[in-house]
Structure formats: structure tokens, C-alpha cells
Amino acid sequence: MLEKNGRYLPYRSRARRVLRAYNIRGIGETIRIYHKGRRIGERELPMAIRELFPNAVYLHGGAKYQSKLLKIYKSGTGISEVEKLPVDYPYKTDALRYAEPEIVEVLGQRTVYGVQALYCRLRIKEVVEGYLLKNIYTGQLEGRSFLSEPVSYSFETLGFVFKAPIPRKSVNKYKAEKVEALAGSFHALEHVLIECGNIYTGGGASEMGGISMGASGVIFVYDACPGGSGASLLLYRCLDDAFKRSLSIMEECDCRRVDGCPRCTYSYQCGNNNRPLFKPGAEESIRRAILGEKTKVIEEEYEMEKPYI
Ligand SMILES: [Zn+2]
Ligand SMILES: [Zn+2]
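Calculation criteria
Think of each chain on its own: its residues are numbered from 1, step by step along the sequence as written. Think of it this way: whatever chain is written first is A, whatever ligand is written first is 1, and the rest follow in order. The predicted nature of this model means local features are confined to residues of pLDDT at least 70 and side-chain atom pairs, given and counted, to a pLDDT of 80 or more, with totals for whole chains, interfaces and linings taken over all residues. With hydrogens and water stripped out, all remaining heavy atoms of the structure feed into the side-chain values. Coordinating donors are taken as N, O and S atoms within 2.8 Å of the metal, stretched to 3.2 Å for Na, K and Ca; because water is absent from the atoms, sites can appear incomplete. Sites are called tetrahedral only when four donors show all angles between 85 and 135 degrees, square planar or octahedral only when four or six donors show opposite pairs over 155 degrees and all other angles between 65 and 115, and irregular in any remaining case. Burial classes follow relative accessibility: with a 1.4 Å probe on protein chains only, a residue under 20% of its type's maximum area counts as buried, one over 50% as exposed, and anything between as partly exposed. Secondary structure elements are defined from DSSP: runs of H or I of at least 4 residues count as helices, runs of E of at least 2 residues count as strands, and each element is numbered from the N terminus. Here, a salt bridge means any Lys or Arg side-chain nitrogen found within 4 Å of an Asp or Glu carboxyl oxygen. As used here, the term nonpolar core means buried Ala, Val, Leu, Ile, Met, Phe, Trp, Tyr and Cys residues forming a set that is joined through side-chain atoms within 4.5 Å. By definition in these notes, contact holds between two residues if any of their heavy atoms fall within 4.5 Å. Convention adopted: a line fitted to C-alpha atoms gives each axis, helices being fitted over their contacting stretch, and angles between N-to-C directions are expressed from 0 to 180 degrees. Each angle receives one of four descriptions, namely roughly parallel if under 35 degrees, roughly antiparallel if over 145, roughly perpendicular if within 65 to 115, and oblique otherwise. Residue polarity follows a fixed list, in which Ala, Val, Leu, Ile, Met, Phe, Trp, Tyr, Cys and Pro are nonpolar, Asp, Glu, Lys and Arg are charged, and the others, Gly among them, are polar. Each helix should span, by expectation, one fewer than its residue count multiplied by 1.5 Å. Strand pairing follows a simple DSSP-based rule, namely that at least 2 bridges must link the two strands.

Novice: Summarise the coordination of the zinc ion (ligand 1); cite the residues concerned and give the values.
Specialist: Protein ligation of the zinc ion (ligand 1) involves Cys253 (SG), Cys255 (SG), Cys261 (SG) and Cys264 (SG), the donor distances falling in the range 2.3 to 2.4 Å. Each of the four donor atoms bound to the zinc ion (ligand 1) contributes to angles spanning 98 to 115°, and the resulting shape is tetrahedral. Spacing between the donor residues of the zinc ion (ligand 1) along the chain follows C-x1-C-x5-C-x2-C. Cys264 shares its class with Cys255; the two are buried.

Structural data, given as C-alpha cells:
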């Protein structure tokens, strides 16, 4: 960071240098995929753990396979063994996953309305703990399984973190589980913010990951590839506008559902099967942010919270 007139400003060339210096663990690491002892391809980490966890249905070269084994070595590389499935196999698997973020170094900070946002070097641990089995034709949920041993992968990347204001009114008005409504508010807000990030990053929403830390309001947005791609930096720079845009996406959607819908709060990238989501809380939180409510990121407030992605 650069100090200017007593304020800390993001030092961009430094961020670029950090990006370039990333030759350490986490970049370009891949899982090699074997079928009957023959190597049929490879998949980059961390995507590989979402797609090749044991029992995952994996599409490759127009054929369907099922993962029988996924091994990640200490070096960061690994292997997967797959078996062929019949062409008309009617199911797909969606990973149930979460991620644990850790701030390695703060590279810059800014205040968005009243919300403090930190641009950071982050360490992300992605964990696949189970999966949903879905019918590919009807989309119907056929089952939910948990892995006997969760699969995880840690990598360093770049991203930002901020604390969304607490939507007190909407949560108090809600009759059922308050903590769930609170977690659902921030989880929904995280989805919408990343989805609207497409505008600022030239379609980079799928290159970003998000983590909402339970009921704390702390939200991380990061470059999904190890080392960082710069996508989240573009969103970080436009956060003021992105907050406003996120609010209008929700306000303009007429679904009137408490959890929202695929056009507003749902995300296809969600690792929690789009649960919990609480749209009125997400709207109130972002409205409070735009009106200037002041918040700061404090580690002790979120480290024990359940992360939703
Ligand atoms: Zn909607
Ligand atoms: Zn989610």
C-alpha cells in the first residue's frame, strides 16, 4: 500500500508484481485422469476437486465417466481414476462444497460509501464434502451423499473482503429461524454481487469465487484460479456502482419469493444448493451500505462462522 496524505491507497504495480511472483504452489497444478491405466486427459485444480471427487460423474470427450479415485499429492499435483458409464446414464453430480478464506496480506483498502473494503492476498481452502445426484432430464434431486473423507485443496490468490451491514428490520420481521435468515441475506448478496461482476470484468463472473461468512456479514470475493486473474480487482474498483446494480437486480425481479429466483439471487456456481437465501435481507443490507452505514472487517467476528459459497 502507498500512504498518501495519511490515507492508504492500493498500489497497483505492487499488486501486479505479486501476481507475477506467483510461481509458488497453486499455479497450473493439474490432476491427471486415467481410464484403464491410460491417461485420457487432465483437469486444473481447484476445478478438479469439484468435478472428480469419488463417485462424481465426469464428462470428457463426449463420453460419461465416474470417478473411482482422486488423489492429491503433497506436491500439489494428483491423479484420478475413472470408469466409463453407459451413454444414457441419466444422472449428474453437483459437488456440495465450502471454502475457508484466510487473509495473507492486505494490499490496499478503500471505503465504499461507508463500507471498508480490503484488497488482499488470500489463501483459500476449498473443500468438497459430498454431492447431490440429479436427473439430467428433469433436474430432479435423486439423492444426497457425503464423502467418507472430504477432498480439499488450498491455494493462494487475490481478492477482496468487506462486511455487509446487518439487515435488522427484515430479519426481525421474519418469523422463522433468524440466524438462517441473516446467513441467507449475506449469501444471497454474495451471489448477486458476483453475478453482476460480469459487467465490470468482461464476463469474468465465472472466474470469481465468493464466500459469505455465516451470519457475520463478512463477504470474500476472489479470483477462482490460483495466483489470481485480476477479475476481482476490476470488481473491487467498481464496488460503489456494483452495490447499486446488485440492488436493482433484486428490486427489478418480480419473483416475490423470500429466497429469490434464478434471475436474481440464485447462482449456478453455488456449492450449497442455493440455500439458505433471504432476498429481503440482501436488499436491506445493500440499501444500508449505499446509504452510508459504516462497517469494518474484523477477523474475530467471522472466523468461527459457517462459510457459504
Ligand atoms: Zn427473482
Ligand atoms: Zn451459494
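Still more to cover.
Novice: How would you explain the coordination of the zinc ion (ligand 2) if you had to name every residue and give the values?
Specialist: Four donors placed tetrahedrally about a metal ideally form angles of 109.5 degrees, and six donors placed octahedrally ideally form angles of 90 or 180 degrees. Donor atoms from the polypeptide that bind the zinc ion (ligand 2) are His187 (NE2), His191 (NE2), Cys270 (SG) and Ile309 (O), placed at 1.9 to 2.3 Å. Mapped onto the sequence, the donors of the zinc ion (ligand 2) take the spacing H-x3-H-x78-C-x38-I. Placement of His191 in helix α4 (residues 178–196) and of Cys270 in the loop between α7 (239–252) and α8 (279–290) is noted, with a sequence separation of 79 residues between them. In terms of burial, His191 and Cys270 fall into one category: buried.

Novice: Can you explain the pattern of salt bridges? Please cite residues and give values.
Specialist: When the charged atoms of two side chains with opposite charge come close together, those side chains can pair. Applying the stated criterion across every chain yields a total of 17 salt bridges. The salt bridge involving Lys163 is made with Glu301; its shortest N-O contact spans 3.3 Å. Highlighted residues: Lys163 in strand β10 (residues 141–163) and Glu301 in helix α9 (residues 299–302), separated in sequence by 138 residues. Glu301 sits in the partly exposed class, given a relative accessible area of 36%. Residues participating in the shared-partner salt-bridge network are Glu105, Arg121, Arg123 and Glu156.

Novice: Please set out the nonpolar core residue by residue, giving values where relevant.
Specialist: Core analysis: the largest hydrophobic core is formed by 39 residues, its most contacted members being Phe160, Phe162, Val221 and Phe243. Only β8 (91–112), β9 (115–135), β10, α4, β12 (218–223), α6 (231–237), α7 and α8 provide two or more residues apiece to this core. At nine residues, α4 tops the list of elements feeding residues into this core. Those residues in contact with Phe243, other than ones at most four positions away along the chain, are Val112, Tyr113, Val115, Phe162, Leu193, Ile286, Ala289 and Ile290. Core analysis: the second largest hydrophobic core is formed by 35 residues, Leu52, Phe53, Val151 and Val297 among them.

Novice: Account for the packing of α4 against α8, naming residues and giving values.
Specialist: It is at 7 Å that the axes of α4 and α8 come closest, and there the two elements cross at 70°. The pairing of α4 with α8 is recorded here as roughly perpendicular in orientation. Counted together, Ser185, Phe186, Ala188 and Leu189 of α4 and Gly281, Ala282, Ser285 and Ile286 of α8 form the full contact between these two elements. A per-class count over the contact of α4 with α8 returns five nonpolar, three polar and no charged.

Novice: Residues and numbers for unusual backbone geometry, please.
Specialist: Going from Leu45 to Pro46, the amide bond is cis rather than trans, its omega being 5°. By the element assignment, Pro46 lies in the loop between β4 (38–44) and α2 (47–51). We note that Tyr113 has phi near 55°; this positive angle belongs to a residue other than glycine. On the accessibility criterion, Tyr113 (30% relative accessible area) is partly exposed. The phi dihedral of Asn273 falls on the positive side, at around 55°, and the residue is not glycine.

Novice: Report on α8, specifying residues and quantitative values.
Specialist: For α8, which comprises 12 residues, the first-to-last C-alpha distance of 17 Å matches the rise-based estimate of 16 Å (1.5 Å per residue) to within 8%. Where α8 is concerned, the buried positions are Lys279, Gly281, Ala282, Glu283, Glu284, Ser285, Ile286, Arg288 and Ala289. The elements touched by buried residues of α8 are β9, α3 (168–173), α4 and α7.

Novice: Which residues make up the pairing of strand β6 (residues 63–72), and what are the values?
Specialist: Successive residues of a regular strand alternate their side chains across the two faces of the sheet. Pairing geometry for strand β5 (residues 57–60) and β6, over four bridges, is antiparallel. Residue pairing across strands places His60 opposite Ala63, the latter belonging to β6. Between β5 and β6, which pair antiparallel in sequence order, lie two residues; one of them, Gly61, sits at a positive phi of approximately 55°. As defined by bridge partners, β6 adjoins strand β7 (residues 78–84) across seven bridges and the pair is classed as antiparallel.

Function cannot be read off these values alone, since they describe shape.
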